[in-house]
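# Coordinate inspection notes
What follows is the residue order along each chain.
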Amino acid sequence: HYYITNNLSDMASYTGGTAEKNRVAKLQKQREKGRAELEKAIQKVKEAARGSNITFSKTKADAVEDTTGIGLVTLGELREREAQHKLDQERAELEKNVKKKKKRKEISTLSFDMDGEGNGEEEPVILKKKKKIGKNPAVNTSFLPDKDREAQELQEIADLEQEWADKQKQIKDQDVELTFNYWDGSGHRHKVLMKKGYTIEQFLNFALESLIPIYPDVRCASVDMLMFVKADLIIPHYLTFYQMEQMNARGEKGPLFRFVPHKEEENKAPGLLKDDLQYGKVTLRSWYERNKHMFPANRWKSFDPEVNWEKYTLEQTFKR
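Residues numbered from 1 in each chain as written. Predicted model: local features only at pLDDT ≥ 70, side-chain atom pairs only at ≥ 80, totals over all residues. Heavy atoms only, no water.

### So, unusual backbone geometry
The general pattern is negative phi for most residues beyond glycine and trans for most peptide bonds. Which entries qualify depends on this criterion: Strands are runs of DSSP state E lasting at least two residues, helices are runs of H or I lasting at least four, and both sets are numbered from the N terminus onward. Residue burial is assigned from relative accessible area. The probe radius is 1.4 Å, only protein chains are included, and a residue is buried under 20% of its type maximum, exposed over 50%, and partly exposed in between.
For the peptide bond that leads from Phe295 to Pro296, omega is 5°, which places it in the cis range. The residue Pro296 is located in the loop between helix H8 (285–291) and strand S12 (301–302) in this model. One non-glycine residue with positive phi stands out, namely Asp232, at about 65°. Checked against the element boundaries, Asp232 lands in the loop between strand S5 (226–230) and strand S6 (233–234). Residue class for Asp232 comes out buried when judged on its relative accessible area of 19%.

### Points about the pattern of salt bridges
Convention followed: For this document, the term salt bridge refers to a Lys or Arg side-chain nitrogen within 4 Å of an Asp or Glu carboxyl oxygen.
A complete count under the given rule lists nine salt bridges for this structure. Of the charged contacts, one joins Lys292 and Glu289 as a salt bridge, the two residues approaching to 3.2 Å between their closest N and O atoms. Exposure remark for Glu289: the relative accessible area of 44% places this residue in the partly exposed category. Each member of the salt-bridge network shares a partner with another, and the members are Asp232, Glu252 and Arg299.

### A look at the packing of aromatic side chains
We count it as follows: Only the six-membered ring of Trp is used, alongside the rings of Phe and Tyr, when aromatic pairs are assigned; centres must lie within 6.5 Å, and planes under 30 degrees apart are stacked while those over 60 apart are edge-to-face, with the rest tilted. For a Lys NZ or an Arg CZ to count as sitting over a ring, it must be within 6 Å of the ring centre and within 35 degrees of the ring normal.
Tallying each qualifying case throughout the model produces eleven aromatic pairs. A centroid spacing of 4.7 Å and a plane angle of 40° characterise the contact between Tyr182 and Tyr215, whose relative ring orientation is tilted. Residue Tyr182 is located in strand S3 (residues 175–183), and its partner Tyr215 is located in the loop between helix H6 (200–211) and S5; the two are separated by 33 residues in the primary sequence. For the residue pair Tyr182 and Tyr215, the accessibility class agrees, reading buried in each case. Here Tyr288 and Trp300 contribute two aromatic rings whose centre-to-centre distance is 5.8 Å and whose plane-to-plane angle is 10°, an arrangement assigned as stacked. Of this pair, Tyr288 sits in helix H8 while Trp300 sits in the loop between H8 and S12, and the two are twelve residues apart along the sequence. Each member of the pair Tyr288 and Trp300 is classed as buried. Here a set of aromatic residues connected by ring pairs shows up, and it is made of Phe180, Phe203, Phe228, Phe241, Phe257 and Phe259. Over the ring of Phe257 we find Lys230, and its NZ or CZ is 4.1 Å from the ring centre.

Structure (structure tokens):
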């Protein structure tokens, strides 16, 4: 395969008869005329394209031909030149990308070495925070939304909630020595050491552990089989002593619990509290079921925090 340039000099050097020469000359004039018309048309198209910003891209063969010149080349030489041309294009594109990255880096940094005598290090640009336009302190703006003020108020609320929770935890962790009577028809006094935050069920569990070695009738009992009665009120197992104190739980004769420190002459641990009101009763539920028609079990009833015992009178006691 060969690429052959358009060279009309071979036709001009043709030697033959007169008729043939005339025919060749005629054909040559026709071709020259056609070429001139083609060049004029191309020129018109280029002028029109120049006015409308249209550009013509070169084909791969034209680009290779611009770098190789005019002449006959073999297919192998053409492929070598195409490969070389492709490498040149890739190299030029790579250099262009490197220049772009370098330019971006130069824009993103500032150098204050005006004389070129610096140590080569570039200082990063420090963007200053845009100043916020303040409010007029002489005008009351408390009714306007303010993110900073709202955030400060929320933080103060969270701090107060945490402070309150810590204080309540300290109260619940206070040690209490609770005195009670185990009631099986008569009272047997015992004491247990516990926390104020314990539930009635936890208290009964400690009481049961202290009663099992002494009383045979509770050896097979569980906490659910026990009752805690204070001031003729049966206290539910789920309530805590802390809750009873906070709600100011009351009976007919006044508050159910009042925790106070021990006296110094009692030689108790510092900070240990006690209930200085009437002692509560711990009894088996089975004993209550057998004797609830008799005194004192006939006076016992379930504790209801909704009942206002402050208005309870002695007349209502006899009616019951």
